[in-house]
Amino acid sequence: METSHTTTPETTAKPKAVARADKHIWGILIALCIISVIELYSASSREVANSSIGVMGPIIRHLVMLIGGLSIVWVFARRHYSDFALFTVGFSIISAALMIYVMFFGDYINGARRSLSILGIGVFPAEMVKISAVLSVALIMTLNQDPKGVGITLKGMLLSCGVLLFFSALLFTQGLTNTLLLFSITASMMIIGGVRFKHLLIGAAAIIIIGATTLTVMYYTQYVPYQQKLEAIKSNSTELSAMENGDTKIEVPRIATWINRIIRHQEDSVPKWELPAVGDNRQEILSYMAQAHGGITGVGPGNSREAARLPLAFSDYIFAIVIEELGLIGGIGVLLLYLWLLGRASSIASRCSVTYPALLVLGMAVMIAFQALFHIGIVTGVFPVSGQPLPLISKGGTSIVVTCIAFGIMLSVSRTATRKANKKQEIREEIDALPEQLSGENTMQL
């Protein structure tokens with residue numbers, strides 16, 4: 001009688017590592033950390049000027065966070081990739097709970113509830129939600145592989161879309177950019193993971209309909225009343241004067257902020273470099289000045305001129321400081337690091353014998369690379385203005401922790417997942433040691 005390979009104690013032990021952790025991924029991680037320390041020291045000058053933390057305060061705190069992050073990388077890299085199935089469930093529940101708490105009781109930052117404080121440390125659950133969504137989709141796609149061919153079943157695709165919509169709903173209150181970023185990451189995972197085209201169309205249509213309906217409702221219930229209230233104030237000289245002097249404040253709905261940013265981004269009657277750095281466009285105009293000042297080769301580390309004037313130079317606009325100090329050459333170099341990470345992860349994923357580690361390593365790399373591309377696109381003016389940290393380079397404790405978890409998972413896969421070129425005995429041992437639901441053969445479209 002045939003027995004399952006998951007029932008005996010001998011098959012529950014994790015197989016030994018089949019290779020050393022990938023040197024390319026380690027190299028990219030270290031390079032990003034070095035760039036982060038150098039550039040954050042310059043970008044924090046405005047923060048130092050506005051507080052009593054001392055000249056070295058910001059960089060010391062950042063170094064502590066990086067050291068803690070590297071410790072997380074080491075711990076995760078030492079685990080077997082199959083351990084992340086249980087981690088996904090627990091981490092996703094915690095992320096969702098914290099996000100729901102922040103939606104109602106969080107601290108306001110830039111017009112929305114974004115963070116909470118735990119033991120005096122600011123936590124941004126939006127960063128946790130993004131990696132939770134990627135981990136959850138990777139697990140769902142693994143558990144719902146199509147037994148008749150390549151890719152996943154319709155049920156798996158619908159479950160993935162359900163998870164995506166749930167986490168997107170949590171992120172939606174934080175801003176549209178995070179939601180679009182999550183859609184881009186998940187869609188890429190589904191395409192590469194082998195979702196059938198007709199199933200992909202079904203999922204895309206459902207998400208578009210839900211998204212369009214939500215935005216339409218917000219437009220008529222929030223944006224239109226807001227515009228009518230503004231018009232009423234403008235027609236009353238007394239109320240208009242009070243609003244201009246700051247005596248009367250009107251709450252701006254999030255959809256109004258999104259629409260205004262898109263309209264401002266699309267206005268091209270006046271070149272951006274001729275616009276004054278005032279009001280709502282101050283950050284973007286100063287970031288363009290920083291990039292223009294850097295030129296091809298940059299002004300050198302520590303010689304930034306705009307860091308002292310540019311708001312959020314240490315987080316949402318740090319790439320502008322990178323270009324100012326390292327020039328176009330340095331900016332391209334940073335971009336290539338993220339693309340190199342994506343290429344290296346794709347190479348590892350294509351050679352994995354089992355689907356789950358392939359989806360894990362690729363999902364983590366896509367998340368980091370796409371977030372970097374969004375940040376760079378925003379800073380360089382390709383996308384409308386929005387807040388998005390540059391992974392591992394921008395200041396931010398939660399962002400660093402989440403990025404380091406992603407690096408640790410990628411290194412774990414590179415160390416413990418067998419490759420198709422390995423000996424058949426090693427592949428058999430790996431499959432026998434895995435729960436049956438995670439042992440499906442890698443059929444990803446790479």
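Use the structure listed above.
As a starting point, this report considers the structure included with it. (Residues numbered from 1 in each chain as written. Predicted model: local features only at pLDDT ≥ 70, side-chain atom pairs only at ≥ 80, totals over all residues. Heavy atoms only, no water.)

Moving on: the state of the cysteines. Within this structure, the stated rule accounts for 0 disulfides. Summary of cysteine pairing: C33 is not part of a disulfide, and the nearest cysteine sulfur, belonging to C404, is at 6.3 Å. Accessibility expressed as a relative area gives 9% for C33, which makes it buried. (Disulfide = S-S within 2.5 Å. Buried < 20%, exposed > 50% of the residue type's maximum accessible area, 1.4 Å probe, protein only.)

Before going further, it helps to spend a moment on the pattern of salt bridges. A full pass over the atoms with the stated rule returns 5 salt bridges. For R344, the salt bridge is made with D22, and the minimal N-O distance between the two is 2.7 Å. Of this pair, R344 sits in helix 12 (residues 318–351) while D22 sits in the segment before helix 1 (23–43), and the two are 322 residues apart along the sequence. Judged by relative accessible area, which is 8%, D22 ranks as buried. The shortest N-O distance in the salt bridge between R305 and E306 comes to 2.8 Å. The class for E306 is buried, based on a relative accessible area of 0%. One network of salt bridges, with partners in common, ties together R305, E306 and R309. (Salt bridge = Lys/Arg side-chain N within 4 Å of Asp/Glu carboxyl O. Helix = DSSP H or I, 4+ residues; strand = E, 2+ residues; numbered from the N terminus.)

This paragraph deals with the packing of aromatic side chains. Enumeration over the complete set of coordinates arrives at 11 aromatic pairs. Between Y81 and Y356 the ring centres are 6.4 Å apart and the planes differ by 55°, which places this aromatic pair in the tilted class. Here Y356 lies in helix 13 (residues 355–379) and Y81 lies in the loop between helix 3 (57–77) and helix 4 (84–105), a separation of 275 residues in the sequence. Across the pair, exposure class does not vary: Y81 and Y356 are buried alike. Of the aromatic side chains, those joined through ring pairs into one cluster are F76, F84, F87 and F91. One cation-aromatic arrangement involves K395 over F314; the distance from NZ or CZ to the ring centre is 5.1 Å. (Phe/Tyr/Trp six-rings, centres within 6.5 Å; stacked < 30°, edge-to-face > 60°. Lys NZ or Arg CZ within 6 Å of the ring centre and 35° of its normal.)

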